[in-house]
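Per-entry structural report
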Amino acid sequence: MIQQDAFPPRITLANTPTPLQKMERLSRQAGVEIFFKRDDFTGSELSGNKVRKLEFILADALQRGADTVITCGGAQSNHCRATALAAVRAGLSSLLLLRTDDPANPPAVSGNILLDRLAGSDVVWISPDQYRARDEVFEREARRLRSEGRHPCIIPEGGSTALGAWGYVAGMAELAADLKRLDGDRVKPTTIVCAAGSGGTLAGLALGARLSGEPVRVVGVNVCDDRDYFVNIIDGICREFDRAWQPHSSAGIPPYDIVDGYVGRGYALSRPEELAAIRDLVRLEGVVLDPVYTGKAYFGMMAELAKAPRVFGERIVFIHTGGLFGLFPIADQFTGLL
Ligand SMILES: *Cc1c(COP(=O)(O)O)cnc(C)c1O
């Protein structure tokens with residue numbers, strides 16, 4: 001177990017510990033125990049997983065004398081919205097590079113975009129091609145801000161850096177304490193399932209599981225790209241993490257699994273069966289998932305359970321990583337499902 005005082009500097013943003021709730025009806029249906037770790041409760045406007053990463057990332061930005069953070073994401077990025085709001089709390093300005101097909105005609109102000117705007121973020125719309133070459137755009141915008149006498153700090157996509165991974169090293173320590181509260185000293189084997197979008201959450205959970213020593217297996221369902229893409233990213237984060245904070249460890253890259261095959265129509269594009277699964281869970285448990293991440297990961301998890309009921313063992317903890325605001329801009333896609 002890693003001691004709290006070994007953690008890098010941190011500011012408090014997230015409402016933690018978040019509840020670990022058993023989904024009683026869902027568990028009965030599935031024939032295995034299914035718990036939700038409610039990281040959608042990390043805050044109201046700061047809801048979700050990104051706020052755990054930002055506790056470490058923004059502490060570091062402040063320490064380095066930054067006055068502005070620059071980050072990037074899709075148009076309805078939860079990470080950008082969380083960064084915009086957390087920046088305000090930390091006394092920083094924010095600049096968001098948001099991806100859209102036609103930057104000259106950006107999407108309507110709705111969902112996360114409304115919150116970005118309310119927070120007073122500067123928004124620069126960029127094309128998918130520019131997004132692929134985003135390091136150049138980051139540098140260009142940082143140069144521009146420096147020429148105005150500002151001190152920018154770049155936060156890579158999703159806050160999925162080795163430093164950001166500390167958010168879920170801390171999250172895993174919290175979850176280990178939750179499991180001890182349930183089981184006492186002998187924690188039952190548990191599979192932790194989360195969505196993988198930029199990999200930082202899964203990397204942090206895997207590192208945290210290694211550090212905690214509890215009998216937990218960590219599984220991500222990718223919502224974009226493919227398995228190889230995420231293995232490359234996550235292994236890279238873990239190597240960087242160990243170089244920086246565990247230089248004497250010989251533990252190696254921690255184990256984790258990726259369940260591929262549930263990207264569906266593509267990133268942030270939903271299929272009717274995914275939306276129906278979101279609806280059915282609301283009606284079963286009163287819990288609302290998002291269409292881009294948790295809905296897809298949940299759909300994938302339940303599809304795997306339908307094929308093989310014990311594929312994740314006797315107990316699952318699904319991390320509800322938030323994203324509710326992304327549901328409202330696609331309300332029309334629920335036509336016929338309600
Ligand atoms: C970003 C995000 C994820 C994915 O987390 P990563 O660390 O980027 O893999 C999952 N769920 C929600 C709601 C998110 O916003």
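Per an unreviewed UniProt entry, the protein chain carries the name Putative 1-aminocyclopropane-1-carboxylate deaminase and comes from Desulfosarcina alkanivorans. Under the UniProt heading Sequence similarities (unreviewed entry), the entry covering the protein chain gives this text: "Belongs to the ACC deaminase/D-cysteine desulfhydrase family."

1. Topic: the sheet that holds strand S1 (residues 20–22)
In space, the 6 strands of this open sheet follow the order S1-S2-S10-S7-S8-S9, with mixed pairing throughout. Looking at strand neighbours, the two that pair on one side only are S1 and strand S9 (257–259), the edges of this open sheet. Pairwise comparison of adjacent strand axes, ignoring direction, gives a mean angle of 30° for this sheet. Pairing of S1 with strand S2 (residues 33–38) involves 3 bridges; the strand directions are antiparallel. The partner of Lys22 across the bridge, within S2, is Phe35. Against the sheet, helix H11 (residues 294–307) makes contact with S2, strand S7 (190–196), strand S8 (216–222), S9 and strand S10 (315–320), and its axis sits at roughly 165° relative to S10, the strand it touches most.

2. Some details on the domain arrangement of the protein chain
Domain annotation for the protein chain reports domain 1 (4–48 + 160–334) and domain 2 (50–159). Domain 1 and domain 2 are separated by 24 Å when their C-alpha centres are compared. Taken together, the 36 residues of domain 1 in the interface contact 30 residues of domain 2. Interface area lost by domain 1 to domain 2 is led by Ile11, Leu13 and Leu46, which between them contribute 22%. The tally of links from domain 1 across to domain 2 stands at 4 salt bridges. Here domain 1 and domain 2 share 14 residue pairs in polar contact (both at pLDDT 80 or more) between them.

3. Concerning a negative patch on the surface
Taken together, the side chains of Asp225, Asp226, Asp228 and Asp260 present a region of like negative charge at the surface. Note that Asp228 resides in helix H9 (residues 227–245).

4. Considering helix H4 (residues 111–118)
For H4, the complete set of buried residues consists of Gly111, Asn112, Ile113, Leu115 and Asp116. As for H4, its buried residues are in contact with helix H3 (78–90), strand S4 (93–99) and strand S5 (122–126).

5. Observations regarding the pairing of S10
With 6 of 6 residues buried, S10 lies mostly within the body of the structure. Of the two faces of S10, the one lined by Arg315, Val317 and Ile319 and the one lined by Ile316, Phe318 and His320 are each fully buried. Of the strand pairs in this sheet, S2 and S10 are connected by 6 bridges, and their pairing is parallel. Bridge pairing in S10 places Phe35 opposite Val317. Bridging between S7 and S10 involves 3 bridges; their strand directions are parallel. Opposite Val193, over in S10, you have Phe318 as the bridge partner.

6. Section: the sheet that holds S5
The strand order across the open sheet formed by 4 strands is S5-S4-S3-S6, and the pairing between neighbours is parallel. Of all the strands in the sheet, just S5 and strand S6 (152–154) have a single pairing partner and so form its edges. With direction set aside, neighbouring strand axes in the sheet form an average angle of 25°. Strands strand S3 (68–74), S4, S5 and S6 of the sheet are contacted by helix H6 (residues 134–147), whose axis makes an angle of about 155° with S3.

7. Here we look at the site of the ligand
The local shell around the ligand holds 17 residues, among which Lys50, Lys53, Ser198, Thr201 and Thr321 are the closest. Within the contact set of the ligand, an oxygen atom lies 2.5 Å away from a side-chain nitrogen or oxygen of Ser198. Elements represented by at least two residues in the shell around the ligand include exactly helix H2 (50–63), S7 and helix H8 (200–212). When the residues that make up the shell around the ligand are grouped by side-chain class, the tally is 3 nonpolar, 11 polar and 3 charged. The residues that make up the shell around the ligand include at least three from each of domain 1 (4–48 + 160–334) and domain 2 (50–159).

What counts, and at which threshold
Residues numbered from 1 in each chain as written. Predicted model: local features only at pLDDT ≥ 70, side-chain atom pairs only at ≥ 80, totals over all residues. Heavy atoms only, no water. UniProt positions renumbered as here; feature names shortened; annotations may be inferred. Pairing = 2+ DSSP bridges. Helix = DSSP H or I, 4+ residues; strand = E, 2+ residues; numbered from the N terminus. Axes fitted to C-alpha atoms, helices over the stretch in contact; angles between N-to-C directions. Contact = heavy atoms within 4.5 Å. Domains from an automatic or database assignment. Buried area = accessible area lost by both parts, 1.4 Å probe. Salt bridge = Lys/Arg side-chain N within 4 Å of Asp/Glu carboxyl O. Polar contact = N/O pair within 3.5 Å; in protein donor to acceptor, adjacent residues only side chain to side chain. Patch = residues over 30% accessible without salt bridge, like charges linked within 9 Å, V, L, I, M, F, W, Y side chains within 5 Å. Areas by Shrake-Rupley, 256 points an atom, 1.4 Å probe, with all protein chains shown as cover. Lys, Arg positive; Asp, Glu negative; His and termini not counted. Charge placed at Lys NZ, Arg CZ, Asp CG, Glu CD. Buried < 20%, exposed > 50% of the residue type's maximum accessible area, 1.4 Å probe, protein only. Near = heavy atom within 4 Å. Nonpolar A, V, L, I, M, F, W, Y, C, P; charged D, E, K, R; others polar.

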